[in-house]
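Notes for the structure review
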Amino acid sequence: MDYVDDIVNDLDQFAVSEIMKYNIPTLDNYNDVVNVAIELGKKLNANLSVIKLGSRFLDIKLGEATNEKKINEHITKSLGFAKEFLSKYPFEEDVKQKVFACIMEHHCKKFSYIESEICANADCYKFLVPKKILRMFYNWKQRGYNFEEIFLLAEEKVEERWSALTLDVCKKELEDNYNKIKEFLSLARKDPISFVSVINKKEKKFVDGE
Ligand SMILES: [Fe+2]
């Protein structure tokens, strides 16, 4: 299936135009999910053509759905887009079904294929890597969220994505990150005064007759 690389070029062009329009997902998240999914696919001997396509389609309509305040519909919208897009190419039916499963199951914990499990796990890396958490503060500020809202979302997303991981290889790779990010966020909740050691002052006590 050599033509997959040509097809993903077309797909990338469309994805980038959506990202430019809505800025959701961010370009770095789009690239990271694709690259992580491909590396996991190689490690686990999955069908790389399915992964190259599936990982690109996952959130391709997330920006449009968010803009319409219908974020929960992003899977249906992305699936509809993928069906139309792939209908132009002569793919085998089982390849298409696997790609569609990658989209439909990317927020699930039960999977029909190893490729859909890989894409869902790759999608979790965006909240389990320190650099991505820092980027999240920068990006979500630009979307109009305030500091406390982003902080709460970061705490939620880290827990949500850690418990969503199903592949042992990913849990093993990310466990240290998860613990460090969690510890850092919990430390970051504290104000500077918490880090100043309080001197135990012994106040003079007045006693009767003094
Ligand atoms: Fe999604």
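Described in the following lines is the structure provided in the data block. (Residues numbered from 1 in each chain as written. Predicted model: local features only at pLDDT ≥ 70, side-chain atom pairs only at ≥ 80, totals over all residues.)

Ranked by internal contacts, the top residues of the largest apolar core, which has 42 residues, are Ala-37, Phe-57, Cys-102, Ile-103, Cys-119 and Ala-122. Ignoring anything within four residues of it in the chain, the contact list for Ala-122 reads Val-33, Val-36, Ala-37, Leu-40 and Ser-55. (Core = buried A, V, L, I, M, F, W, Y, C linked by C-beta atoms within 7 Å. Buried ≥ 20, exposed ≤ 12 C-beta atoms within 10 Å, placed from the backbone. Contact = placed C-beta atoms within 7 Å.)

So, about helix H8 (residues 130-142). For an α-helix, the turn length of 3.6 residues means that residues three or four places apart are oriented alike. Compared with the 18 Å implied by 1.5 Å per residue over 13 residues, the 19 Å span of H8 between its first and last C-alpha is a close match. Looking at H8, one finds that the buried residues are Lys-132, Ile-133 and Met-136. (Helix = DSSP H or I, 4+ residues; strand = E, 2+ residues; numbered from the N terminus. Expected span 1.5 Å × (residues − 1).)

What follows deals with helix H10 (residues 168-188). Taking 1.5 Å of rise per residue, the 21 residues of H10 would be expected to cover 30 Å, and the 29 Å separating its terminal C-alpha atoms lies within 8% of that figure. Considering bend angle alone, the principal kink of H10 is centred on Leu-174 and spans about 45°. Buried-residue contacts for H10 involve helix H7 (114-124), H8 and helix H9 (147-164). (Bend = angle between axes of the 7 residues up to and from the residue.)

At a minimum axis separation of 10 Å, helix H1 (residues 4-22) and helix H3 (residues 48-57) run at an interaxial angle of 5°. As far as their axial angle goes, H3 and H1 are roughly parallel. Contact residues: Val-4, Val-8, Leu-11 and Ala-15 in H1; Ser-49, Lys-52, Leu-53 and Arg-56 in H3. In the contact of H1 with H3, the residues fall into five nonpolar, one polar and two charged. (Axes fitted to C-alpha atoms, helices over the stretch in contact; angles between N-to-C directions. Parallel < 35°, antiparallel > 145°, perpendicular 65-115°, else oblique. Nonpolar A, V, L, I, M, F, W, Y, C, P; charged D, E, K, R; others polar.)

Take the environment of Phe-195 next. In this fold, Phe-195 is placed in the segment after H10. Between the alpha carbons of Phe-195 and Glu-148 there is a distance of 21 Å; along the sequence they are 47 residues apart.

Next up on the list: the environment of Leu-167. Along the chain, the position of Leu-167 falls in the loop between H9 and H10. When the C-alpha atoms of Leu-167 and Leu-40 are compared, they prove to be 9.8 Å apart, with 127 residues separating the residues in sequence. Apart from residues lying up to four places away in sequence, Leu-167 is in contact with Glu-117 and Asn-121.

To continue, consider the environment of Lys-126. You can see Lys-126 is positioned in the loop between H7 and H8. Lys-126 gets classed as buried once you count the C-beta atoms within 10 Å, which come to 21. Between the C-alpha atom of Lys-126 and that of Arg-56, which follows or precedes it by 70 residues, the distance is 14 Å. Apart from residues no more than four positions distant in its own chain, Lys-126 is found in contact with Asn-29, Asp-32, Val-33 and Lys-132.

Note that the residue after Ile-24, namely Pro-25, is joined by a cis bond; omega there is -15°. Phi is positive for Asn-45, close to 50°, though the residue is something other than glycine. Assignment of secondary structure puts Asn-45 in the loop between helix H2 (27-43) and H3. Unusually for a residue other than glycine, Lys-69 sits at a positive phi of about 55°. Note on placement: Lys-69 falls in the loop between helix H4 (62-67) and helix H5 (74-86). Accessibility expressed as a C-beta count within 10 Å gives 8 for Lys-69, which makes it exposed.

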